[in-house]
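# Coordinate inspection notes
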Amino acid sequence: MWRLFWRRKERDADLRDADLDEEIEFDLAAEAAQRVQAGTSRDEAERGSRRDFGNVQLLREDLREMRGWTWLERLGQDVRYGVRTLRKNPLFAAMAVLSLALGIGSATAIYSVMDAVLFRALPVSDPGELVILNWRAIKPPASGFTQPAGIDSVDGSVYNGPGGDRLSPDFPWPFFASLRDGNDVFSTVFAYKDAGQLTVSVQGQAELGGVEFVSGNFFEALGINPAAGRLIYDSDNLAGATGVAVLSYGYWRDRFAGDAAAVGRTIRIGGVPFTICGVAAPEFFGIAPGSAPAIYLPVGTRPKVMAFSVGEKISLFTDAHFYWTDMMGRLRPGITMARAERETDARFRQFVIDHGANGSRADFPSLWLEAGGSGLDSLRRQYSKPLYVLMYMVGFILAIACANIANLLLARAAARRREMAVRLSLGAGRARVLRQLLTESLLLALPGGVLGLAIAAAGSRFLIWLLAGGSADFHLRPTLDWHVAAFAFGVAMATGILFGLAPAFEATRVDAAPALKGSRDGAERVRGIGLKRILAVAQIALSSLLVLGAVLFVRTLANIHAIELGFEAKNVLTFSLNAGKAGYKGAELNAFYNRIEARLRALRGVSGAAASAAPLARRFYRTPAVFPGNRKGLAGWNSVGSTFFETMGIPIILGRALSSHDVKGAAPVAVVNEAFAKAYFPGRNPVGEHMGILDGPIDVTIVGVSANAREALKEPFSPFVYISYNQIPAPEWRGMDFEIRTSAAPLALAADIQRAMHEAAPDVPLGNVATQAARIEGSLTQERTFAQLCTAFAVLALTIACIGLYGSMAYAVSRRTGEIGIRMALGAQGGSVVWMVMREVLTLTVAGLAVGVLCARGVFPAVKSFLFGVRFGDPVVMGWAVGLLIVSTLAAGYAPARRAARVDPVKALRHE
Amino acid sequence: MAGKNTEANRIDLLQGTLDMLILRTLRWGPQHGHGIGQAIRQTSEDLLQIERGSLYPALHRLEARGMISSEWRSSDLNRRAKYYQLTGAGEKELVAEESRWKLMVRAIGRVMRPAQREPAK
């Protein structure tokens, strides 16, 4: 259709052009006829007529300009011409489009993900008014265990801030209540507490689901509407209220197929019955981007659902020293965050003092606010640094791609000087030529932008998959919003215009005469070459930065993999079980775990099975150790089943392992590791010694020493104590991990094990089924992601830079054909010509490397925390990076160098 | 830069006048581009040489504005020629241009020879 229209337009235009030509021809003929009449010869008359007419071409252009349609026609003409010239140079076109697409695509993908994780506002009303309350305590003294004044215990997260401060979003309930009941800066304050994964049984089917406890004003304060039924009210938190639950829209859809009859049904959460009272609005995915709770419960039911000690149950809502609830506030209109922070901080300090905290005032925790509009910051804390690093890497890629385009266009413009000169001398206006070149750049930028968007869409999905790192409850919607898309397109266009015009200006400043004569160096400007050199060096510098990064991350990954685990991770299947959450209490728990151990050992293909409180190489707990004479130490500890050492392949060096006789009632015993023996019993045999461990403290006898085994992957071996889980009460709130050694591939047994577990305990769901090796791999997600991404980026950068280098060297060779011809005519050998070109490549590479390494030194501290076991100046790392760069750039330069060596001096000189 | 400016002014001045001269010439009847140029030259006794680079754009512009219309006709040279012809709007434009021109001549005359009340006829 468009084609037809275009054709017609074209025909009209052609007709009008013909008219124009005829009119001009007639004028010439009439003039000549007149001159003949006046007595000149026919020839002379025609020549004179033409001479006196003036610039026919210019007139024709001028007249065409005056026609209304011309801009479109001209555009069509430019586009057709542009396509034709690009087609003549497919490599150039492909390289330019590809560089642009890769640069824009990766930048957009990263930006989209960053936007989703870091900047996007919560889907609630007026997210800008929300603030998160946190406290901060100054760095504790080196001794370690002290809590900030006034804080007895924290049930939640305390993390290290800059400068070793301790930061936490958890507060005691009475403080929340006092703020909620009256304050000047917040229009409303609401509380919430993530309960993690709990057992949710729907009609007898147990499964794990994310649960969040919320205060009665939670939904109202956020401005969330129900999709069905009602949400949680204040009255649901009153003592004696029937337990109600609100489902997230996603969970309702997945688990109840979006059935409206789900409202009113009863489900059991952690063994406690709840009535579903409603479903939250579809767009509300929780207040933490990335993790979406399945079920919201009134916070008042927390003591019922979570297993607390009796004391804790009572004090949860009254103890001013027990910090556990998270809270957000909504700023009153006109109140700044700074003012709200000042007033709330004063109140918090008073609260701490009022509740009898003693100590110097400097020890008191202080309150600080954080913008809550984009949700909780746990995800941000976890991913913001990696994402920023990624963003920089992508920025480098974009810069390299742009430099490449600039380089390609520069080289092309220089190669087309002759063409430009011809067009200019035939009367084309400068603006006309510029417009032509601009059209061509946009012809490159447009597909580059479109392809870039496609890459961005695929890339952001890939990135989220990487970030999720196998975690199933990671919900981020990989949407490319239109701002980002427009931004990407803008970058594409701007790149095209900028780098298209700069060379175009250069090209149209051609002094027509020497360019026409075809001399290769006549009109050449040294400045252009200088710019190209600078671009090449910058590209190599940026590439070397990325290559260096890639080598560092790959090396880090290799170092971690090379870590001696101290146990046999192969053929071990692990899973976790939490009988406490299924309602088992006290002594039932250990009995249950014993039963499971026995059941597992009886399975065919299982050569060993043991439970442990903490999974190996993933997590561990610490305990003080008190030795006779009141000597004190610190150690990690784990409570394990009797066959743990045998199952995990940890050798016993001295004494004995734990045994099935080490049960409740028998004398408490412990096995310590080598590091423990070395640290606390240097030069002595610790077997038979006594010590006190855990809170009791429990007096245990050391019965054996085991070889060191990793409890945390990236940390050195540290003193460690193993005790039998049968000798201490099993905690109700925490499950057990089971390690099963199999004789064949462990995952082949997973189905059997799951069936067996379902028979043994249908009401206790199985969690985290994975091989031990996969678990270790899982903990390395970030390192692996970095190594992979950085390697990919480095390859990308190096490829793009090498393409650029190839382009500029090829161009330089073609420019110097004459010179090379003279050299060869004077007796230079092919080898020396190759060397001449390669020397140039080498110079550029070394210069780029020098700049790159210097920059890398500057940014190294920023990525240091992602590295393990490598130093900046590591000769292996440096050797690899430098070697890779030099080899690739030399490879890029070799083809043009070979071509230079094959220059035929006769041809080259004739051309001159 | 100064040189360019005065050149631009001259073109501007000429353009307005050129249009008037063309319209005036076409009052005698339809004529082709070359004929118009010749007529202006002859009536001005060779004082005004109209460049084709100005003439044809002026003709096309006038045609686009509807002051003149065109038609292809056979000519005495045995080939088609594009003949231009005054339209009604063109007639009116010519009258307006002419009076504007007279006004300007008088004004310029007064400035150049302030002693004389009326320029010599």
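The structure displayed is predicted, hence computed values, not measured ones.

### A word on the overall build of chain B
Each helix and strand counted, chain B has four helices and three strands in total. Starting at the N terminus and ending at the C terminus, chain B contains elements arranged as α-β-α-α-β-β-α. Partitioning the contacts of chain B with sequence separation of at least 6, the portion at a separation of at least 24 is 47%.

### Topic: the overall build of chain A
Helix and strand counts for chain A stand at 27 helices and 25 strands. Partitioning the contacts of chain A with sequence separation of at least 6, the portion at a separation of at least 24 is 83%.

### Looking at the interface of chain B and chain A
Contact residues are listed per partner, giving 16 residues for chain B and 16 residues for chain A. Elements represented by at least two residues in the side of chain B that touches chain A include exactly α2 (33-43), α3 (52-64) and β3 (80-86) of chain B. Each residue belonging to the side of chain B that touches chain A can be placed in one class, and the counts come to five nonpolar, five polar and six charged.

### Some points on the nonpolar core
Residue and element names in this part refer to chain A. Core analysis: the biggest nonpolar cluster contains 85 residues, and I397, L546 and A797 have the highest contact counts within it. Contributing elements (two or more residues each) for this core: α5 (90-119), α12 (378-415), α14 (430-468), α17 (526-561), α23 (781-815), α24 (817-825), α25 (830-863) and α26 (875-901). When residues of this core are assigned to their parent elements, the largest contribution, 19 residues, is made by α23. Sequence-distant contacts of A797, that is, excluding residues within four places in its chain, are made with F396, I397, I400, L542, S543 and L546. F219, L222, F284 and L367 belong to the second largest nonpolar core, which has 69 residues in total.

### Some thoughts on the pairing of strand β24 (residues 736-742) of chain A
Residue and element names in this part refer to chain A. In terms of residue burial, β24 counts as a mostly covered element, since seven of its seven residues are buried. Alternating positions in β24 separate into two faces, M736, F738, I740 and T742 on one and D737, E739 and R741 on the other, with burial throughout. Sheet topology note: the strand β16 (residues 606-612)/β24 ladder contains six bridges and is antiparallel. Bridge pairing in β24 places G608 opposite R741.

### Observations concerning unusual backbone geometry
Working note: non-glycine residues mostly have negative phi, and peptide bonds are mostly trans. A positive phi is found at A257 of chain A, a non-glycine position, where the angle reads about 55°. Within the secondary structure, A257 of chain A is located in the loop between α8 (249-256) and β9 (266-269).

### Describing the packing of α25 of chain A against α26 of chain A
Residues and elements named next belong to chain A. Interhelical geometry of α25 versus α26 gives an angle of 145° and a closest axis separation of 8 Å. Between α25 and α26 lies a crossing of right-handed hand. Of the residues in α26, those touching α25 at G830, V833, V834, V837, M838, V841, T845 and L849 are V882, L885, I886, T889, L890, G893, P896, A897, R898, A900 and A901. Its residues assigned to classes, the contact of α25 with α26 comprises 14 nonpolar, four polar and one charged.

### Some remarks on the sheet that holds strand β2 (residues 68-74) of chain B
Think of a sheet as strands paired side by side through backbone hydrogen bonds, with each pair either parallel or antiparallel. Residue and element names in this part refer to chain B. The strand order across the open sheet formed by three strands is β1-β3-β2, and the pairing between neighbours is antiparallel. Each end of this open sheet is capped by a strand with a single partner; those strands are β1 (31-32) and β2. Judged from the seven bridges that link them, β2 and β3 form a sheet pairing that is antiparallel. Within β3, the residue paired with S70 across the bridge is Y84.

### What about helix α6 (residues 173-181) of chain A?
Residue and element names in this part refer to chain A. Listed in full, the buried residues belonging to α6 are W173, F175, F176 and L179. Buried residues in α6, looked at end-on, bunch into an arc of 160°, giving them a common side. Of the surrounding elements, those touching the buried residues of α6 are β5 (186-202), β13 (326-331) and α11 (337-354).

### Notes on the packing of α2 of chain B against α3 of chain B
Residues and elements named next belong to chain B. Closest axis-to-axis distance for the α2/α3 pair is 10 Å, and the angle between their directions is 115°. Two packed elements cross with a definite hand, and for α2 against α3 that hand is right-handed. Touching G33, I36 and G37 of α2 are L55, Y56 and L59, all from α3. Within the contact of α2 with α3, the residues separate by chemical class into four nonpolar, two polar and no charged.

### As for helix α2 (residues 42-53) of chain A
Taking 1.5 Å per residue as the helical rise, α2 of chain A with its 12 residues ought to reach 16 Å, and the 16 Å between its terminal C-alpha atoms agrees with that figure. Of the residues flanking the end of α2 of chain A, it is G54 of chain A, one or two places downstream, whose phi is positive at about 100°.

### Let's talk about the environment of A761 of chain A
Residues and elements named next belong to chain A. Of note, A761 is situated in the loop between α21 (750-760) and β25 (766-771). We classify A761 as partly exposed; it has 19 C-beta atoms within 10 Å. For A761 and I596, which are 165 residues apart along the polypeptide, the C-alpha to C-alpha distance reads 8.8 Å.

### Things to note about the confidence of the model for chain B
Parts of the prediction with low pLDDT should not have their coordinates interpreted in detail. All names here are of chain B. In the predicted model, chain B carries a mean pLDDT of 79, and the fraction of residues at 70 or more is 81%. In this model, residues 1-13 is a region of pLDDT below 50 whose contacts with residues beyond four sequence positions or in other chains number zero contacts. Prediction confidence for the complex, expressed as pTM and ipTM, is 0.55 and 0.80 respectively.

### Here's the deal with the environment of L86 of chain B
Residues and elements named next belong to chain B. Its location among the elements puts L86 in strand β3. Here L86 falls in the buried class, since 23 other C-beta atoms lie within 10 Å of it. A C-alpha to C-alpha distance of 9.7 Å links L86 and Q31, two positions 55 residues apart in sequence. Here L86 is in contact with L23, L26, R27, I68 and E91, once residues within four sequence places are set aside.

### A closer look at the confidence of the model for chain A
Summarising the model, chain A shows a mean pLDDT of 76, and 78% of its residues fall at 70 or more. Predicted confidence for residues 519-528 of chain A stays below pLDDT 50, and this span has 16 contacts to residues more than four positions away or in other chains.

Conventions used here
- Counting from 1, residues in each chain are numbered in the order their sequence is written.
- Each chain takes a letter, starting from A, and each ligand takes a number, starting from 1, following the order in which they are written.
- Confidence filtering applies because this is a predicted model: local features only for residues at pLDDT of at least 70, side-chain atom pairs given and counted only at 80 or more, and all residues used for totals across whole chains, interfaces and linings.
- A run of H or I in DSSP counts as a helix once it spans at least four residues, and a run of E counts as a strand once it spans at least two, with each numbered from the N terminus.
- Contact criterion: two residues are in contact if their C-beta atoms, reconstructed from the backbone, are within 7 Å.
- Under the convention adopted here, Pro, Cys and the residues Ala, Val, Leu, Ile, Met, Phe, Trp and Tyr are nonpolar, Asp, Glu, Lys and Arg are charged, and Gly plus all remaining residues are polar.
- Note on definitions: a nonpolar core is a set of buried residues drawn from Ala, Val, Leu, Ile, Met, Phe, Trp, Tyr and Cys, linked by C-beta atoms within 7 Å.
- Around each residue's C-beta, the other C-beta atoms within 10 Å are counted; 20 or more make the residue buried, 12 or fewer make it exposed, and counts in between make it partly exposed. All C-beta atoms are placed from the backbone.
- For two strands to be treated as a pair, DSSP must find no fewer than two bridges joining them.
- As a rule, the C-alpha atoms of each element are fitted with a line to give its axis, helices using only the stretch in contact, and angles between N-to-C directions run from 0 to 180 degrees.
- Put simply, a crossing is left-handed when the front helix is turned counterclockwise from the back one by less than a right angle, and right-handed when it is turned clockwise.
- As used here, the arc belongs to the directions running from the helix axis to the C-beta atoms.
- To estimate how far a helix should extend, the number of its residues minus one is multiplied by 1.5 Å.
- How sure the predictor is of each residue is captured by pLDDT, a score from 0 to 100.

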